[in-house]
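Notes for the structure review
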Amino acid sequence: MSVRQTLLAATTVSIVAFAMPASAQTLRYANQGELKSLDPYTLNETTTHAHVGQVYEGLIARDKDLKIIPGLAESWETPDPTRWRFHLRKGVKFQNGDPFTADDVVFSAERVRAKGSNLQTRIPADAKGRQSR
């Protein structure tokens, strides 16, 4: 087969592969731990964090070397020792199309501090969230 024929065949296969509709398939998953909740604010437990981390994105993340990298926050700064300012990524939308805003970050922080949350120690009880314009 010539180079031209090989390229033509590869191009045809690629076009057909991308033009075909995706089909639903069964995903089988096994885990040693027991998933107790999909609410990211309920449990401070490794298995839960591992699962919800596949669905929810945080303000920051960790790279393969465990260095802190941007997530939903493009950048951040500490204007003074008790204050953080996060600059949120633009154009982020929730599944329903609603835009991601600072109000959503404040809501999440309040959920973490709410009664029944096992993550209350992550944010001081007297912390205040506000949106700067």
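As a reminder, the structure under discussion sits directly above these lines.
Described below are features of the structure shown in this document. (Residues numbered from 1 in each chain as written. Predicted model: local features only at pLDDT ≥ 70, side-chain atom pairs only at ≥ 80, totals over all residues. Heavy atoms only, no water.)

**Focus on the nonpolar core**
Counting residues in hydrophobic clusters, the biggest one holds five residues: L72, L88, V92, F100 and A102. Not counting residues up to four positions away in its chain, the partners in contact with L72 are E57, G58, L59, H87, L88, R89, V92 and F100. (Core = buried A, V, L, I, M, F, W, Y, C linked by side-chain atoms within 4.5 Å. Buried < 20%, exposed > 50% of the residue type's maximum accessible area, 1.4 Å probe, protein only. Contact = heavy atoms within 4.5 Å.)

**With respect to the side chain of H51**
Inspection of the secondary structure assignment puts H51 in helix α2 (residues 46-52). For H51, a relative accessible area of 16% translates into the label buried. For H51, the residues in contact, after removing those within four places along its chain, are Y29, N31 and L35. (Helix = DSSP H or I, 4+ residues; strand = E, 2+ residues; numbered from the N terminus.)

**A look at the side chain of S117**
Mapped onto the fold, S117 is located in the segment after α3 (102-113). Reaching out from S117, the side chain makes a polar contact with the backbone oxygen of Y41 at a distance of 2.9 Å. Only 2.8 Å separates the side chain of S117 from the backbone oxygen of V112, close enough to count as a polar contact. Among residues more than four places away in sequence, those in contact with S117 are Y41, T42, R111 and V112. (Polar contact = N/O pair within 3.5 Å; in protein donor to acceptor, adjacent residues only side chain to side chain.)

**Some details on unusual backbone geometry**
Of note in this structure, L66 is not a glycine but carries a positive phi near 65°. On the secondary structure map, L66 appears in the loop between β1 (60-62) and β2 (68-70). Residue classification places L66 among the exposed positions, given a relative accessible area of 60%.

**Digging into the pattern of salt bridges**
Opposite charge on two side chains allows them to pair when their charged atoms are near. Per the counting criterion, the structure on display carries four salt bridges. Between R89 and E57 there is a salt bridge; the shortest N-O distance is 2.6 Å. Here E57 lies in the loop between α2 and β1 and R89 lies in the loop between β4 (83-88) and α3, a separation of 32 residues in the sequence. For E57, a relative accessible area of 46% translates into the label partly exposed. Here R85 and E77 are joined by a salt bridge, their closest N and O atoms 3.2 Å apart. (Salt bridge = Lys/Arg side-chain N within 4 Å of Asp/Glu carboxyl O.)

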